Structure formats: structure tokens, C-alpha cells
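# A look at the structure
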Amino acid sequence: MTGGASGIGLATAKEFVERGATVAVLDRTLDGLPEPLHGFTADVTDRASIERAVAEVAERLGGIDVVVNNAGISAVGTVAENDDAEWARVLDVNVIGMARVTAAALPWLRRSEAASVVNVSSIAALNGLPQRALYSASKGAVLALTYAMATDHVAEGIRVNCVCPGTVHTPFVDRMLQGFADPVAERAALDARQATGRMVAPEEVAAAIAYLASPRSVSTTGTALDVDGGVSHL
Ligand code: NAI
């Protein structure tokens, strides 16, 4: 589980523990990580740190059955507002990070009888959201990466799916709101944007990830599951 120290990742790690799993959290910061989660400091933009952490996870916990590629960062702006350095920074975390972590875990996933990879994309991959050009491009790439990885590894018994959450009330959203001139008005707009009238809870995304990670979804690979309060299709 990458980015498991906060928000959707932390809620998912807790859900997995409730279902009896042993969970490793790879995050660049592990502050306040609760028991019994196993914390490993790693940055998904640093291939060496990922390879080290993934090998340590497999050695200490006895293998790897599931990878949840959740670590991600936000970006606000149109193409006129994000410079090249910002594009490189966000794509490095949100897209290449998922490829690095999955590649590092493949040797153990190939040995698993229940191998599953779940990537966290976003409804930003499916809808034209205002002021999210870079972020949307990064999450669209996650969707395409999911289909490509599912195709490449289906014969090895490794399933790959993704979730597309709507706006989920996590620290990620609270930080992004601070970038707006009127955070309170933007918060109200985010709630109103979901057809259900409220932001999605992290635990609701966690339940979807847990389903895709578990053998209960054994015939599901190369799919995207929306958890979006109806925003994409209603
Ligand atoms: P968050 O900011 O609460 O948690 C993200 C975690 O990822 C943090 O613990 C952070 O330390 C970690 N992280 C960030 N960069 C990292 C790096 N380079 N290496 C290792 N760890 C790193 O965010 P939240 O909201 O839980 O988001 C998680 C995922 O869900 C992200 O991929 C985000 O794009 C996606 N998402 C979030 C939505 C939302 O509305 N909150 C909606 C749709 C998707």
C-alpha cells in the first residue's frame, strides 16, 4: 500500500487489517501510523528506495499478494498555469510511481496464488474538470496504465484494476482547498458536485479497493470502478 499513512490509503490499510490481512504501508512520511500497520519509509519517485522497501516488505512479511498504488499528489490549474517542473513532478509521483512500485513487486506477485494490483485513478480521468489539466492527465494515464498492465500480466495470474473516486474528503482535499481564493465556497462546490450532494468518505473507497484486491473479484481485471457519488454518469 503506497501512501497508506493518510486519507484513502490509511482507510484502505485499516479495512485490509479488519479483513485479516498483514499490511505494509510505503509512504514518504509515516507519522502517527497506527498498529498493526507495518511502516516502510519510501518515496515512489525514487526507484532505489522503492526496490529496497518492496524487497524488505516481502522478506519481513513473507511475500506480496496485493499492491495498492495509492500515493498521489494534487495539482490545480489550467495548462497556462502549470510549468514544466510541475508537470514533471506530478507525473513522476502519480504515474511513474505506480509503474515503479508494480515492477518492484512483480517477482512476488508472480509467486502469489491471489495476485491483485489496484491503482487509484480518479473521476478526473473521465470528466473534464475545471482547473485540473495536469492532475486529470496524470489520472487518465493511470487508467491507461491499468488496462495495459492488466493485459501484460493476465497470463501470469495477476489481476490489475483501478478505482475512480469522486471527491473524497481527505487531507489531500483540505490542502487543495487552501489554494483557492475562497476555500469555503470551493468546499461547498465540491460537495454539490457529487450527485449525492456530499463528498465521498475514504472508507467508501477503501471498501471498493478491498473488493478488487480480494479473490471475490477473481474474474475482474482491466476494469475501473467508479466510487463517485454518481458524478460521472447521472
Ligand atoms: P492524502 O494526501 O491524504 O494521502 C496521500 C498519501 O500519499 C500521503 O500519506 C503522502 O505522504 C503519500 N505520498 C505522496 N507522495 C508520495 C511519494 N512521492 N512517495 C510516497 N508516498 C507519497 O491523499 P488522498 O486524498 O488520500 O489521495 C490518495 C490517492 O487518491 C491519490 O492518488 C489521489 O490522487 C487519489 N484521489 C483522491 C481524491 C480525493 O478527492 N481525495 C479523489 C480521487 C482520487
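Check the entry above for the structure.
In this report, we go over the structure that sits alongside the text.

Thresholds applied
- Residues numbered from 1 in each chain as written.
- Predicted model: local features only at pLDDT ≥ 70, side-chain atom pairs only at ≥ 80, totals over all residues.
- Heavy atoms only, no water.
- Core = buried A, V, L, I, M, F, W, Y, C linked by side-chain atoms within 4.5 Å.
- Buried < 20%, exposed > 50% of the residue type's maximum accessible area, 1.4 Å probe, protein only.
- Helix = DSSP H or I, 4+ residues; strand = E, 2+ residues; numbered from the N terminus.
- Contact = heavy atoms within 4.5 Å.
- Near = heavy atom within 4 Å.
- Polar contact = N/O pair within 3.5 Å; in protein donor to acceptor, adjacent residues only side chain to side chain.
- Areas by Shrake-Rupley, 256 points an atom, 1.4 Å probe, with all protein chains shown as cover.
- Right-handed = clockwise from strand over helix to strand, strands pointing away.
- Pairing = 2+ DSSP bridges.
- Axes fitted to C-alpha atoms, helices over the stretch in contact; angles between N-to-C directions.
- Parallel < 35°, antiparallel > 145°, perpendicular 65-115°, else oblique.
- Left-handed = near helix turned anticlockwise from the far one by under 90°.
- Nonpolar A, V, L, I, M, F, W, Y, C, P; charged D, E, K, R; others polar.
- Expected span 1.5 Å × (residues − 1).
- 1 Å grid on protein atoms, 1.4 Å probe; cavity = no way out; pocket = protein on both sides within 12 Å on 5 of 7 lines; lining within 4 Å.
- Points joined across faces, edges and corners; volume = space filled by probe spheres on them.

### Concerning the nonpolar core
Core analysis: the biggest nonpolar cluster contains 39 residues, and Leu26, Ile50, Ile64 and Leu109 have the highest contact counts within it. Of all the elements in the fold, those that place two or more residues in this core are strand 1 (24-27), helix 2 (47-61), helix 3 (84-111), helix 4 (133-153) and strand 5 (159-165). Top element by residues in this core is helix 3. It accounts for eight residues. Not counting chain neighbours up to four residues away, the residues in contact with Ile64 comprise Val54, Val57, Ala58, Ala105, Trp108, Leu109 and Ser112. One finds Leu10, Val205, Ala208 and Ile209 within the second-largest nonpolar core, a separate group that totals 23 residues.

### Comments concerning the site of the ligand
Inspection of the region around the ligand gives 29 residues, with Ser6, Asp27, Tyr135, Thr170 and Arg175 positioned closest. In this structure, Asp43 approaches the ligand through a side-chain N or O atom, which is 2.8 Å from a nitrogen atom. A distance of 2.6 Å separates an oxygen atom of the ligand from a polar atom in the side chain of Tyr135. Contact with the protein chains hides 96% of the accessible area of the ligand, taken as 830 Å² for the molecule alone.

### Topic: the pairing of strand 4 (residues 116-120)
Counted residue by residue, strand 4 has five buried out of five residues, so it is predominantly covered. Covered by surrounding structure in strand 4 are Ser116, Val118 and Val120 together with Val117 and Asn119, the residues of both alternating faces. Read as a crossover between parallel neighbours, the route from strand 3 (residues 66-69) over helix 3 to strand 4 is right-handed. Here strand 4 runs beside strand 5; their pairing, made up of five bridges, is parallel. For Val117, the partnering residue across the bridge sits in strand 5 and is Val160.

### Notes on the packing of helix 3 against helix 4
Between helix 3 and helix 4, whose axes approach to 9 Å, the crossing angle comes to 20°. It follows that helix 3 is roughly parallel to helix 4 by the angle criterion. In terms of crossing hand, the pair formed by helix 3 and helix 4 is right-handed. Contacts between helix 3 and helix 4 involve Glu86, Trp87, Val90, Leu91, Asn94, Val95, Met98, Ala99, Thr102, Leu106 and Arg110 from the first element and Ala133, Leu134, Tyr135, Ala137, Ser138, Lys139, Ala141, Val142, Leu145, Met149 and His153 from the second. Grouping the constituent residues of the contact of helix 3 with helix 4 by class yields 15 nonpolar, four polar and three charged.

### A closer look at helix 1 (residues 7-18)
Along an α-helix, residues three or four positions apart point the same way, because every turn accommodates 3.6 residues. Taking 1.5 Å of rise per residue, the twelve residues of helix 1 would be expected to cover 16 Å, and the 17 Å separating its terminal C-alpha atoms lies within 8% of that figure. In terms of burial, helix 1 is largely enclosed, as nine of its twelve residues are buried. Within the sequence span of helix 1, burial applies to Gly7, Ile8, Gly9, Leu10, Ala11, Thr12, Ala13, Glu15 and Phe16. Packing partners of the buried residues in helix 1 comprise strand 1, strand 3, strand 5, helix 5 (171-177) and helix 7 (202-213).

### Considerations on the layout of surface pockets
Here the largest pocket is characterised by a volume of approximately 980 Å³. Contributing to the lining of the largest pocket are 47 residues, with Gly72, Ile73, Ser74, Phe172 and Arg175 lying nearest its centre. Element by element, the count of residues in the lining of the largest pocket is highest for helix 5, at five residues. A per-class count over the lining of the largest pocket returns 22 nonpolar, 15 polar and ten charged. Each pocket or cavity is described by its volume, and for the second largest pocket that value is around 650 Å³. Lining the second largest pocket are 30 residues, with Phe16, Thr22, Ile64, Asp65 and Val66 positioned closest to its centre. Of all elements in the fold, only strand 1, helix 2, strand 3, helix 3 and helix 7 reach the threshold of two or more residues within the lining of the second largest pocket. Element by element, the count of residues in the lining of the second largest pocket is highest for helix 3, at four residues. A per-class count over the lining of the second largest pocket returns 20 nonpolar, seven polar and three charged.

### As for the sheet that holds strand 6 (residues 224-227)
If you walk across this open sheet you meet the four strands as 3-4-5-6, and the pairing is parallel. Each having just a single partner strand, strand 3 and strand 6 make up the two edges of the open sheet. Strand after strand, the sheet turns through a mean of 20° between neighbouring axes, direction not considered. Those strands touched by helix 4 are strand 4, strand 5 and strand 6, and its axis lies near 160° from that of strand 5.

Any functional reading would require information beyond the geometric quantities listed.
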